[in-house]
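Examining the three-dimensional arrangement
Read off the chains here:
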Amino acid sequence: MANVILIGTQWGDEGKGKIVDLLTEWAEVVVRFQGGNNAGHTLVIDGQRYALHLIPSGIMRPEKICIIGSGVVIDLKILLEEIDLLQKQSGRDVLPQLILSDEAHLILESHRRLDQAREKQRGTAKIGTTGRGIGPAYESKMARWGLRLGDLLAPEAVLEARLKNLLEQHNLMLEKIYNEAPVSFAKVFAELKEAAAIVCPVIKKVPYELARCLEKNESILFEGAQGTLLDIDHGTYPFVTSSSTMAANACASSGVGVTDIDEVIGVVKAYTTRVGSGPFPVELDDEIGEHLSVRGGEVGTTTGRPRRCGWLDLVALRYAALLNGLNSFALTKLDVLSGLETIKVCTGYRLHGKIIEYFPSSIEDLEACEPVLSEFAGWDEDISAILDYDQLPENARKYVSYIEEQLGIKAMLVSVGPDREQTMIRHNPFVE
Ligand code: IMP
């Protein structure tokens, strides 16, 4: 039995969905603890593609319990659509596998509208949010007028009063600041009641549910969304998401003690990508960037936007390793680098003529940073069918070893394609 946290170490889209799906084989319970439907996980199982935004990827395995913790912001419309789609695709009822925290906050139409209105107002300075209402939902939570999933269990008059209070604030902002039409209370209220009829049976107090799992010695996998550099505290603020994407938040935002965690795994893509605006020192605007984009299929699962691509950034990764206390990493998409004559890796930044090895907090400094690059010889072979790590081309193994050396931790697996089978597991925390 082991409790494992898996998080993204870059700007999201590291391939977490596949790794979570794979490791779920050994975990009884999968927990999402932050973010919302800004996330997008693509899974390929037996050649069929599945895109999930809110429900943990563990749902694909019928015997697993999937929990959405208090730190997640839930858009019920999306949740119901996802449940519906999964039921149609799998031919089974997935609701009994789900547990939703009564403390999780809701994303309403007014949050989505505010997100979009603010981005419009920011113009060229926009963050490039997913437009899903994530930021405004976390704002409501912190402002202490947010609506929680547990409010759906309250008497109708209580829900009505809370929703009225929230929409009063939101409609004032929409009308007076952004010159937008107000959101209809009656419509949102009716939608909430309709959704409540479906989800109420699976709304529970998650910390007690997790305590019961721990008591039974069940293994728990905590599934992070987005990535370390999009973290609200330590990421490239303000070009970040509005939640804490750190491993430590897995405990706080689901309700387990930090002493219950056995291993923290960081997912590292073999190169770097970023969606939306914000500084990105290793970005490539040339044919190599194009190679990574095309070969890596680097298009957002949630918004369909093309991802910006660049070399692996070890300054950023070393920062992610220390912020999350990583024990190991999962290296994804190594196959995408096949065919490149030379592979470069950023080992430091040059800032105003000086070499720095830390990740700056100020975006002005980060924007002024030029990457200091080391070069490696590439490999030509298609490695996507290799199942044994020792069979990888020598240069590919050298690349992996170099990353291990730089981060001071081992690659617990190497992934060379989207399918479950295309993975070389070198260390499995659930069985060792
Ligand atoms: P928000 O989370 O929609 O507020 O967007 C804030 C920033 O985080 C934008 O740059 C988004 O592109 C980025 N972002 C949010 N979720 C993800 C994700 O799952 N993968 C990659 N980038 C994301």
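Each remark here, short or long, concerns the structure printed above.
Scope of this entry: the structure provided in the associated data block. None of these values were measured; they are calculated from a predicted model. (Residues numbered from 1 in each chain as written. Predicted model: local features only at pLDDT ≥ 70, side-chain atom pairs only at ≥ 80, totals over all residues. Heavy atoms only, no water.)

**Some words on the side chain of Gln97**
Relative to the elements of secondary structure, Gln97 occurs in the loop between helix H2 (76–90) and strand S7 (98–101). Within the structure, the side chain of Gln97 is placed 3.5 Å from the backbone oxygen of Ile59, a separation counted as a polar contact. The residues contacting Gln97, other than those within four sequence positions of it, are Gly58, Ile59, Arg61, Pro62, Lys64, Ile65, Cys66 and Arg92. (Helix = DSSP H or I, 4+ residues; strand = E, 2+ residues; numbered from the N terminus. Polar contact = N/O pair within 3.5 Å; in protein donor to acceptor, adjacent residues only side chain to side chain. Contact = heavy atoms within 4.5 Å.)

**Focus: the layout of surface pockets**
Volume-wise, the second largest pocket comes out at about 250 Å³. Lining the second largest pocket we find 14 residues, and of these Leu76, Lys77, Glu191, Leu192 and Ala195 sit closest to its centre. Elements supplying a minimum of two residues to the lining of the second largest pocket: H2, helix H3 (109–122) and helix H6 (185–199). At 6 residues, H6 tops the list of elements feeding residues into the lining of the second largest pocket. Residues that form the lining of the second largest pocket fall into these classes: 8 nonpolar, no polar and 6 charged. Three or more residues apiece are contributed to the lining of the second largest pocket by two domains, here domain 1 (3–101 + 203–263) and domain 2 (105–199). (1 Å grid on protein atoms, 1.4 Å probe; cavity = no way out; pocket = protein on both sides within 12 Å on 5 of 7 lines; lining within 4 Å. Points joined across faces, edges and corners; volume = space filled by probe spheres on them. Nonpolar A, V, L, I, M, F, W, Y, C, P; charged D, E, K, R; others polar. Domains from an automatic or database assignment.)

**Remarks on the packing of aromatic side chains**
One pass over the full model with this rule turns up 7 aromatic pairs. Geometrically, the ring pair formed by Trp11 and Phe280 is edge-to-face, given 5.2 Å between the ring centres and 70° between the ring planes. Note that Trp11 is positioned in the loop between strand S1 (3–8) and helix H1 (16–23) and Phe280 in the loop between strand S12 (272–274) and helix H9 (287–295), a separation of 269 residues in sequence. The exposure class assigned to Phe280 is buried, which follows from its relative accessible area of 7%. Ring pairing ties together the aromatic residues Phe376, Trp379, Tyr399 and Tyr402, which thus form one cluster. Taking the ring centre of Phe185 as reference, the NZ or CZ of Lys164 above it sits at 4.9 Å. The positively charged end of Arg426 is found above the aromatic ring belonging to Tyr389, 3.9 Å away from the centroid. (Phe/Tyr/Trp six-rings, centres within 6.5 Å; stacked < 30°, edge-to-face > 60°. Buried < 20%, exposed > 50% of the residue type's maximum accessible area, 1.4 Å probe, protein only. Lys NZ or Arg CZ within 6 Å of the ring centre and 35° of its normal.)

**Considerations on the nonpolar core**
Core analysis: the biggest nonpolar cluster contains 57 residues, and Phe222, Leu331, Leu334, Leu337 and Tyr399 have the highest contact counts within it. By residue number, the principal contributor to this core is helix H12 (residues 394–407), which donates 6 residues. Two domains each provide a minimum of three residues to this core, namely domain 1 (3–101 + 203–263) and domain 3 (268–425). When neighbours within four sequence positions are excluded, Leu331 is seen to be in contact with Val268, Lys269, Ala270, Val400, Ile403, Leu413, Val414 and Ser415. If you look at the next biggest cluster of nonpolar residues, it comprises 42 residues, including Leu86, Leu95, Leu149 and Leu167. (Core = buried A, V, L, I, M, F, W, Y, C linked by side-chain atoms within 4.5 Å.)

**Side note on H6**
The first and last C-alpha atoms of H6 sit 21 Å apart over 15 residues, in line with the 21 Å expected at 1.5 Å per residue. Here H6 has its buried residues at Val188, Phe189, Leu192, Ala195, Ala196 and Val199. Buried residues of H6 fall within an arc of 130° about the axis and therefore sit on the same side. In H6, the exposed positions that point more than 90 degrees away from the buried face belong to Ala186, Glu194 and Ala197. Buried residues belonging to H6 abut H2, S7, strand S8 (105–106), H3, helix H5 (156–177) and strand S9 (203–204). Where H6 starts, the residue carrying a side-chain oxygen 3.4 Å from the main-chain nitrogen of Ala186 turns out to be Ser184. (Expected span 1.5 Å × (residues − 1). Arc of directions from axis to C-beta.)

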